[in-house]
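Topology and contacts: notes
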Amino acid sequence: MTQQGNEITFEPLRGRLFGLAYRMLGSRAEAEDVVQDTYLRWHQANQQNIDNAEAWLVTAATRRAID
């Protein structure tokens, strides 16, 4: 998947990931950090092995917020 393909998949979900992290953490700055970290992990992942990008991103953001 190309860089542009990555962003097309990620960008529509950015608000959802932020809202999820914000509700878990209660801090805008920490939620933004979670979204940024999730974005970086998404670009490093082997996306050809990911069947459901949305589920992967939500899970990654949730796990990062818990950590």
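Below, the structure is looked at part by part. (Residues numbered from 1 in each chain as written. Predicted model: local features only at pLDDT ≥ 70, side-chain atom pairs only at ≥ 80, totals over all residues. Heavy atoms only, no water.)

**Some points on the overall build of the protein**
From N to C terminus, the protein includes four helices and zero strands. Helices and strands in the protein line up, N terminus first, as α-α-α-α. Put simply, the protein has 67 residues, and 33% of those count as buried. A separation threshold of at least 6 residues defines the contact pool for the protein, and within that pool the share at least 24 residues apart is 58%. Put simply, the protein shows about 4,500 Å² of open surface, and 46% of that area lies on carbon and sulfur atoms. (Helix = DSSP H or I, 4+ residues; strand = E, 2+ residues; numbered from the N terminus. Buried < 20%, exposed > 50% of the residue type's maximum accessible area, 1.4 Å probe, protein only. Contact = heavy atoms within 4.5 Å. Areas by Shrake-Rupley, 256 points an atom, 1.4 Å probe, with all protein chains shown as cover.)

**Re the pattern of salt bridges**
Tallying each qualifying case throughout the model produces five salt bridges. The residue Glu 54 makes a salt bridge to Arg 16 at a minimum N-O spacing of 2.2 Å. Note that Glu 54 is positioned in helix α4 (residues 53-66) and Arg 16 in helix α2 (residues 14-25), a separation of 38 residues in sequence. Classification of Glu 54 as partly exposed rests on a relative accessible area of 34%. One continuous salt-bridge network, built from bridges that share partners, spans Asp 37, Arg 41 and Arg 64. (Salt bridge = Lys/Arg side-chain N within 4 Å of Asp/Glu carboxyl O.)

**Quick word on the nonpolar core**
By size, the foremost hydrophobic cluster in this structure holds 15 residues, and its most contacted members are Phe 10, Leu 17, Val 34, Trp 42, Leu 57 and Ala 61. Where this core is concerned, the elements lending two or more residues are α2, α3 (28-44) and α4. Per-element accounting of this core gives the leading share, five residues, to α3. Setting aside its immediate chain neighbours within four residues, Val 34 contacts Ala 21, Leu 25, Ala 61, Arg 64 and Ala 65. (Core = buried A, V, L, I, M, F, W, Y, C linked by side-chain atoms within 4.5 Å.)

**So, the packing of α3 against α4**
At a closest axis distance of 9 Å, the pairing of α3 and α4 adopts a crossing angle of 130°. Comparing the axis directions of α3 and α4 gives the class oblique. Pair α3 / α4 crosses with right-handed handedness. Residue-level contacts link Val 34, Asp 37, Thr 38, Arg 41 and Trp 42 of α3 to Ala 53, Trp 56, Leu 57, Ala 60, Ala 61, Arg 64 and Ala 65 of α4. (Axes fitted to C-alpha atoms, helices over the stretch in contact; angles between N-to-C directions. Parallel < 35°, antiparallel > 145°, perpendicular 65-115°, else oblique. Left-handed = near helix turned anticlockwise from the far one by under 90°.)

Distances and angles like these do not, on their own, reveal function.
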